[in-house]
Amino acid sequence: MGHRLSVRVSPLVRTSEEATALVLEFTRAADDAAMVDVQQHWNSDSRMPVNPYMTDSVNSSVRLLDPDQGRVWITTLDSLQYLILAPGESDTVYIPFGPVDIDQVTAFIPQTGFVPLGVIDRDTATTIGIDLAAMDKTLGKLSTDSGRSAPVRIESFTEALDDSTNTRTTDQNVTVTLSSDVTFDSDSANLSDKADGQLQTVAGQLAQHPDGGNLDIVGHTDDVADNAHNQTLSENRAGTVKDRLGQLAALTKWQITTTGKGETEPAINDTTDEARAANRRVAITITPTSGTTTQPGTPNSATPSAPPTSDTGLPDAQGPVGTGPDGVTLNGPDTRGGGQITVTLDHVTRNGGLLLGQLTVTTGPGGTGNPFLSAWLTDSSVLLANSRGETGGIEAIGASSGLTLLADGQRVYPADYLPPDIDRHRPLTEQTLTSALKEGATTTVCVVWPDTGQDTVTLDHPGHKNNLSYVF
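Residues numbered from 1 in each chain as written. Predicted model: local features only at pLDDT ≥ 70, side-chain atom pairs only at ≥ 80, totals over all residues. Heavy atoms only, no water.

Engineer: For this particular structure, what's the right way to read the overall build of the protein chain?
Structural biologist: A tally of regular secondary structure across the protein chain gives eight helices and 27 strands. When burial is assessed residue by residue, the protein chain has 53% of its 472 residues classed as buried. Sequence-distant contacts, at least 24 apart, represent 72% of the contacts inside the protein chain between residues at least 6 apart. Total accessible area on the protein chain is roughly 19,600 Å²; 46% of this is exposed by carbon and sulfur atoms. (Helix = DSSP H or I, 4+ residues; strand = E, 2+ residues; numbered from the N terminus. Buried < 20%, exposed > 50% of the residue type's maximum accessible area, 1.4 Å probe, protein only. Contact = heavy atoms within 4.5 Å. Areas by Shrake-Rupley, 256 points an atom, 1.4 Å probe, with all protein chains shown as cover.)

Written as structure tokens, this is what we have:
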């Protein structure tokens, strides 16, 4: 967050059959700026807290990636720990993980980068200078949770650029959600003239799985009108989607169910116009017999129901536009205290089924203004929720989850995953960019996206509520 540290990262050490550990050594630069000179609300001028765990007693920002199989390990640590470093000072931390069954992983080190690591045994660790006695002593004092030791699947979430569909992909199924405002005439089960654009997306998904499987179609409505009316409407809409899909795709090998939920399972539990629009939907879950054939986390193409608004195939930009290495400079609105940041992204690195990006963010006059740095980078489409609309968690306010890629008519959100002990997805991004920075601060922001299959990418930050939009 505007300070200069070096980070030495060890190979991942198999400390036992049930556990591994990562050793990180942090050194703060001897001439690093004082906290008071970098962060707006800091009243100290010397020692600086470093939180390599970035945990809220559930998850860690230091994560281990298996890009080839689409998996992520989170730390088993369940307590909060900090280092306190003065300029020129060093210290070491040990981060516990569960067992790892491969010989190489990629470590996501927050605000630092992605580090490919070998996985070694204890005997090898001693030959490269790791102090096993210090490691065992420190790890023995930490509180850990074995329930978080297994890896979890990396997933993806995409939306059509006109918000007509969104797609969630896991290793087991694909769920395409259709906006009923696009699919149907108002308060009707009659298909609109835009519906085929959505349903062709579903047909394309089905075509990827010729052996068939289960196909579940569920209709939902908002809470306007009475319960009986909404229940009937949701059932009729699910049936209409099934009938039209039967004309667009071969369904003979699919076991199909149609269900109406009426207003009983809202996507967003609110009565605003925005929430009600999100609740009017049809969710289609495709569960192939042999699982999804795509690399876990890799999005499938989506077709927006309306054509793009420019010759580039992209919507018209609502903010600054630039090239990745040169970046874009964005001025904050006066309502948020102004401020200015410049964002650059020289390249992304393809690794297995993932794209790894390291952005550089530098503050200009006014720094970040009143908000945290995350206010410039997060997804603010739903207040205090992640990109899927799941509420709660530090990632709803502190993550760089609004940095999306545009590809094939869709907005590709950062890859995410569902930890074993919470009910909301965590993005594979920075999660705690919750400092307000003064002018001249520079930091690294790391983001993982599903591989879009492109040779070049277009990164876009939609403004939504905070009106901070840019594209390059």
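Engineer: Can you walk me through unusual backbone geometry in this structure?
Structural biologist: Most of the time, phi is negative for any residue but glycine, and the peptide bond is trans. With phi around 55°, Asp-187 is a residue other than glycine that occupies positive phi space. Positionally, Asp-187 belongs in the loop between α4 (180–183) and α5 (195–207). Residue classification places Asp-187 among the partly exposed positions, given a relative accessible area of 49%. Positive phi values are uncommon outside glycine, yet Ala-225 reaches one of about 75°. Tracing the chain through its elements places Ala-225 in the loop between β14 (213–220) and α6 (227–248).

Engineer: What is the right way to read the packing of aromatic side chains from this model?
Structural biologist: Think of a pair of aromatic rings as described by two things: how far the centres are apart, and how the planes are tilted against each other in angle. Considering all chains together, one arrives at two aromatic pairs under this definition. Pairing Phe-108 with Phe-114 gives two aromatic rings, centres 5.1 Å apart and planes at 70°, and the pair type is edge-to-face. Judged by its relative accessible area of 0%, Phe-108 falls in the buried class. With a relative accessible area of 14%, Phe-114 lands in the buried category. Judged by centre distance (5.7 Å) and plane angle (45°), the rings of Phe-157 and Tyr-413 are tilted. With Phe-157 in strand β11 (residues 152–160) and Tyr-413 in the loop between β22 (410–412) and β23 (416–417), this pair connects stretches of sequence that are 256 residues apart. Take Phe-157 and Tyr-413: they sit in the same class, and that class is buried. (Phe/Tyr/Trp six-rings, centres within 6.5 Å; stacked < 30°, edge-to-face > 60°.)

Engineer: Any chance you could explain the nonpolar core here in plain terms?
Structural biologist: A general feature of soluble globular proteins is that nonpolar side chains tend to end up buried together. Within the largest apolar cluster, 22 residues are counted, with the highest numbers of intra-cluster contacts made by Leu-359, Leu-373, Leu-377, Leu-403, Val-445, Trp-449 and Leu-459. Of all the secondary structure elements, the ones that give two or more residues to this core are β18 (340–344), β20 (354–363) and β25 (442–450). Sequence-distant contacts of Leu-359, that is, excluding residues within four places in its chain, are made with Val-343, Thr-344, Leu-345, Leu-403, Thr-443, Thr-444, Val-445, Val-447, Trp-449 and Leu-459. (Core = buried A, V, L, I, M, F, W, Y, C linked by side-chain atoms within 4.5 Å.)

Engineer: How should the pairing of strand β21 (residues 404–407) be read in this particular structure?
Structural biologist: For a regular strand, side-chain orientation follows a simple rule: the groups alternate between the two sheet faces. Of the two faces of β21, the one lined by Thr-404 and Leu-406 and the one lined by Leu-405 and Ala-407 are each fully buried. Where β21 lies against β22, three bridges are found, and the strand directions are antiparallel. Looking across to β22, one finds that Leu-405 is bridged to Val-412. Count of turn residues in the β21/β22 antiparallel hairpin: two residues, of which Asp-408 carries a positive phi of about 55°. (Pairing = 2+ DSSP bridges.)

Engineer: It is not clear to me how the pattern of salt bridges should be interpreted in this structure. Could you clarify?
Structural biologist: Once their charged atoms are close, side chains differing in charge can pair, the charge on each being opposite to the other. Evaluation of the coordinates by the stated rule reveals 16 salt bridges. Residue Arg-244 is joined to Asp-196 by a salt bridge in which the shortest nitrogen-to-oxygen separation is 2.6 Å. Of this pair, Arg-244 sits in helix α6 while Asp-196 sits in helix α5, and the two are 48 residues apart along the sequence. Residue Asp-196 is classed as partly exposed on the basis of its relative accessible area of 29%. It is possible to trace a salt-bridge network through shared partners that takes in Asp-66, Arg-71 and Asp-101. (Salt bridge = Lys/Arg side-chain N within 4 Å of Asp/Glu carboxyl O.)

Engineer: Please clarify how α6 should be interpreted in this entry.
Structural biologist: Think of an α-helix as turning once every 3.6 residues; residues three or four places apart then point the same way. The terminal C-alpha atoms of α6, which comprises 22 residues, lie 32 Å apart, in line with the 32 Å expected from a rise of 1.5 Å per residue. The backbone nitrogen of Ala-228 has a side-chain oxygen 3.1 Å away, supplied by the residue at the start of α6, namely Asp-226. (Expected span 1.5 Å × (residues − 1). Polar contact = N/O pair within 3.5 Å; in protein donor to acceptor, adjacent residues only side chain to side chain.)

Engineer: Can you help me understand the packing of α5 against α6 in this one?
Structural biologist: For any two helices packed against each other, the geometry comes down to the angle between their axes and how far apart the axes lie. Put simply, α5 and α6 touch, their axes get as near as 10 Å, and they point 65° apart. With respect to α6, the element α5 is oriented roughly perpendicular. Considering the relative orientation of α5 and α6, their crossing is right-handed. Between α5 and α6, the residues in contact are Asp-196, Leu-199, Gln-200, Val-202 and Ala-203 and Val-241, Arg-244, Leu-245 and Leu-248, respectively. Of the residues belonging to the contact of α5 with α6, the class tally is six nonpolar, one polar and two charged. (Axes fitted to C-alpha atoms, helices over the stretch in contact; angles between N-to-C directions. Parallel < 35°, antiparallel > 145°, perpendicular 65-115°, else oblique. Left-handed = near helix turned anticlockwise from the far one by under 90°. Nonpolar A, V, L, I, M, F, W, Y, C, P; charged D, E, K, R; others polar.)

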